[in-house]
Amino acid sequence: MITHGKNVKVFAANANRPFAEGVCRALGIPLGDCTVTTFADGEVSVTMNETVRGSDVFIIQPTCKPVNNHLMELLVMIDACRRASAGRITAVMPYFGYARQDRKAKGRDPISAKLVANMITCAGAHRVLTMDLHAAQIQGFFDIPVDNLLGNPVFVQYYRNMFEDTSDVMVVSPDVGSVARARAFAAKLHMNMAIVDKRRQRANQCEVMNIIGEVEGKTCILFDDMVDTAGSLCNAARAVIEVGGAKRVLACATHGVLSSPAVERIQESPIEELMFLNTIPLPEEARGTKIRQLDVTPLFAEAIRRTYDEVSISSLF
């Protein structure tokens, strides 16, 4: 518990207030009082209902869908706190939206991740706290400190408790782009790894080509950083069963974006259980399905506590 909590304030906009409340419970402080609404024409309206002068302010707001609305709420809240003379402002973004456009893949592409980084910095944030950026180099897009927490220790503990004997369990990367994070995950669980090699034909559609690794008769854990439409994940699950001969498929990912028709695809896939972290609220249609969430509010609370106390948080990585 923060013993000098009167100097730290935690606020939340509308993206995931239950997450912010969980963080505050772990910190032992109340959630800050603010009102975030819209004007009749849809413009964001923010009112800070308590003083933040000289305080260490943490604004919790994942930029999940509707992404643009939640991003604007965050920017306006940062500006409000800056103009109210907050001592330091940290944007706590459990999920960082616009992270998929982190480079120019073809001519005339934007680099949206850099644009959003500039907007957050210009609004007045002094630090950013996030989890499992889609591309680690996005930390370099900011001219302010960025702490990128990792979700895989939470999954590692979950699957260690699930499997006493891991001799017939394998971690599978659903595509080549996720190999590095899947390898780190497999190393922590002392498991072998396989890769699903696919060729994407167009956006949100993919064709599974090959399985790199021996998965026959194994329980496979598909591991990724986010699931959007779930096309890649479900195709990978079918591939390890139909092509590789795996006996079971589980899956986990940090961020459950779950755009339509993700939930339907997951329900119809051979995936027995899909585990997310609660960085993004679970949509109503996903409740009561094979989709579950693990709580990472204590991890964020500890990161906030250490940031406020000026203590290293590298051990949380």
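Residues numbered from 1 in each chain as written. Predicted model: local features only at pLDDT ≥ 70, side-chain atom pairs only at ≥ 80, totals over all residues. Heavy atoms only, no water.

Draft legend 1. Spotlight on the overall build of the protein. Secondary structure assignment for the protein yields 8 helices and 14 strands. For the protein, whose C-alpha radius of gyration is 20 Å, the value lies close to the compact-globule estimate of 20 Å for 317 residues. Projected onto the principal axes, the alpha-carbon positions of the protein cover approximately 60 × 45 × 35 Å. The 317 residues of the protein split such that 55% are buried. A separation threshold of at least 6 residues defines the contact pool for the protein, and within that pool the share at least 24 residues apart is 63%. Summed over all atoms, the accessible surface of the protein reaches about 14200 Å², with 49% contributed by carbon and sulfur. Each charge class in the protein can be summarised by its mean position, and for the 34 positive and 35 negative side chains these summaries are 4 Å apart. (Helix = DSSP H or I, 4+ residues; strand = E, 2+ residues; numbered from the N terminus. Rg over C-alpha atoms; globule rule 2.2 N^0.38 Å. Buried < 20%, exposed > 50% of the residue type's maximum accessible area, 1.4 Å probe, protein only. Contact = heavy atoms within 4.5 Å. Areas by Shrake-Rupley, 256 points an atom, 1.4 Å probe, with all protein chains shown as cover. Lys, Arg positive; Asp, Glu negative; His and termini not counted. Charge placed at Lys NZ, Arg CZ, Asp CG, Glu CD.)

Draft legend 2. Examining the pattern of salt bridges more closely. Within this structure, the stated rule accounts for 16 salt bridges. Taking the shortest distance from any N to any O, the salt bridge between D109 and K106 comes out at 3.3 Å. You can call K106 exposed: its relative accessible area is 57%. Residue R305 pairs with E302 through a salt bridge whose shortest N-O separation is 2.6 Å. Of this pair, R305 and E302 both sit in helix α8 (residues 297-308), 3 residues apart, which is roughly one turn of that helix. (Salt bridge = Lys/Arg side-chain N within 4 Å of Asp/Glu carboxyl O.)

Draft legend 3. Structural detail: the pairing of strand β13 (residues 273-277). Counting buried residues along β13, 5 of its 5 residues qualify, which places the element largely inside the surrounding structure. Taking every second residue as pointing to the same face, both faces of β13 are buried, with E273, M275 and L277 on one and L274 and F276 on the other. Here strand β12 (residues 248-256) pairs with β13 via 4 bridges, running parallel. The partner of A253 across the bridge, within β13, is F276. In this region the chain leaves β12, passes through helix α7 (residues 262-268) and returns to the parallel neighbour β13; the handedness of that crossover is right-handed. Looking at chain direction, β13 and strand β14 (residues 291-294) are connected through 4 bridges and run parallel. Counterpart to F276 in the pairing with β14 is Q293. (Pairing = 2+ DSSP bridges. Right-handed = clockwise from strand over helix to strand, strands pointing away.)

Draft legend 4. View of the nonpolar core. Core analysis: the largest hydrophobic core is formed by 43 residues, its most contacted members being F155, Y159, F185 and F300. For this core, the leading source of residues is α8, giving 6 residues. Setting aside residues up to four positions removed in sequence, F300 forms contacts with F19, V23, V92, P94, L129, T130, M131 and L149. With 36 residues, the next largest nonpolar core counts M48, I89, A123 and F141 among its residues. (Core = buried A, V, L, I, M, F, W, Y, C linked by side-chain atoms within 4.5 Å.)

Draft legend 5. Region of interest: the packing of aromatic side chains. For the structure shown, the criterion picks out 7 aromatic pairs. Plain terms: the ring middles of Y159 and F185 are 6.2 Å apart, the flat faces sit at 75° to each other, and that makes the pair edge-to-face. Within this pair, whereas Y159 is found in helix α4 (residues 152-162), its partner F185 is found in helix α5 (residues 179-189), the two being separated by 26 residues in sequence. Overall, the relative accessible area of 0% leaves Y159 in the buried class. On the basis of relative accessibility, which here comes to 0%, the residue F185 falls in the buried class. With a centroid separation of 4.2 Å and 10° between ring planes, the pair formed by F185 and F223 is classed as stacked. (Phe/Tyr/Trp six-rings, centres within 6.5 Å; stacked < 30°, edge-to-face > 60°.)

Draft legend 6. Just the sheet that holds strand β7 (residues 146-149), in detail. In space, the 5 strands of this open sheet follow the order β1-β4-β5-β6-β7, with parallel pairing throughout. The sheet is open, and its two borders are formed by β1 (8-12) and β7, each paired with just one other strand. Mean inter-strand twist for the sheet, computed between neighbouring axes without regard to direction, equals 20°. Of the strand pairs in this sheet, strand β6 (residues 127-131) and β7 are connected by 4 bridges, and their pairing is parallel. In the sheet register, V128 faces β7, and the bridge partner there is V146. Helix α1 (residues 17-27) rests against β1 and β4 (56-60) of the sheet, and its axis sits at about 160° to β1. Contacts from helix α2 (residues 67-83) reach β1, β4 and β5 (88-93) within the one sheet, and its direction differs from that of β5 by about 165°. (Axes fitted to C-alpha atoms, helices over the stretch in contact; angles between N-to-C directions.)

Draft legend 7. Local environment of the packing of α1 against α8. In contact at an axis separation of 8 Å, α1 and α8 are set at 60° when each is read in the N-to-C sense. Judged by the inter-axis angle, α1 sits oblique to α8. In the packing of α1 onto α8, the handedness of the crossing is right-handed. Contacts between α1 and α8 involve F19, G22, V23, A26 and L27 on the former and, on the latter, T297, P298, F300, A301, I304 and R305. Here the residues of the contact of α1 with α8 sort into 8 nonpolar, 2 polar and 1 charged. (Parallel < 35°, antiparallel > 145°, perpendicular 65-115°, else oblique. Left-handed = near helix turned anticlockwise from the far one by under 90°. Nonpolar A, V, L, I, M, F, W, Y, C, P; charged D, E, K, R; others polar.)

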